[in-house]
Amino acid sequence: MENKDIFNHMQALESQMGKVHGELGSLMLEVKKLVEENQRLLLENEQLRKLLKRESTENRVPVTAEGKVADPVLAGKEAIDVVGEGYDNLARIYHEGFHICNVYYGHLRTEGDCLFCLSFLNK
């Protein structure tokens, strides 16, 4: 091989190495995104499992086949609680770490309080 051929071959290898390096950088960014999403989903899954376990262990109010509360004392209490029940449910969901705003509804809150959610709760 002549010096010129060696030099051309070295330039071609350098060009190929640059492309491989660029592709490797892109793949590393994708892997980083996937790892972050996986961690977020693991946290969300853990919170949902805790919520499900807590709800399954709570005592349920007995309900008749028509969907009415079997205990008349509890029926009167339920009628009073129905007014704020939706608000209470949203507040509970928010305090468990999930968004209740229309922008990110249902997503896990990872960065503290959400101004959209708080303004919605204050209405």
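Everything below is about the structure shown above.
Residues numbered from 1 in each chain as written. Predicted model: local features only at pLDDT ≥ 70, side-chain atom pairs only at ≥ 80, totals over all residues. Heavy atoms only, no water.

Undergrad: Mind laying out the nonpolar core, listing which residues take part and the relevant values?
TA: Core analysis: the biggest nonpolar cluster contains 7 residues, these being A91, Y94, I100, C101, C114, C117 and L121. Among the secondary structure elements, those contributing two or more residues to this core are α2 (72-95) and α3 (115-122). If sequence neighbours within four positions are ignored, C101 has contacts with C114, F116 and C117. (Core = buried A, V, L, I, M, F, W, Y, C linked by side-chain atoms within 4.5 Å. Buried < 20%, exposed > 50% of the residue type's maximum accessible area, 1.4 Å probe, protein only. Helix = DSSP H or I, 4+ residues; strand = E, 2+ residues; numbered from the N terminus. Contact = heavy atoms within 4.5 Å.)

Undergrad: Residues and numbers for the side chain of R109, please.
TA: Checked against the element boundaries, R109 lands in the loop between α2 and α3. The buried category is assigned to R109, whose relative accessible area is 17%. Looking at R109, its side chain comes within polar contact range of the main-chain oxygen of G112, at 3.0 Å. Beyond its immediate sequence surroundings of up to four residues, R109 is in contact with Y94, H95, G97, F98, H99 and C114. (Polar contact = N/O pair within 3.5 Å; in protein donor to acceptor, adjacent residues only side chain to side chain.)

Undergrad: Would you mind going over the packing of aromatic side chains in detail, with residue names and values included?
TA: Counted according to the given criterion, the structure contains 0 aromatic pairs. Across from the ring centre of Y94, 3.9 Å away, lies the NZ or CZ of R109, which sits over that ring. (Phe/Tyr/Trp six-rings, centres within 6.5 Å; stacked < 30°, edge-to-face > 60°. Lys NZ or Arg CZ within 6 Å of the ring centre and 35° of its normal.)

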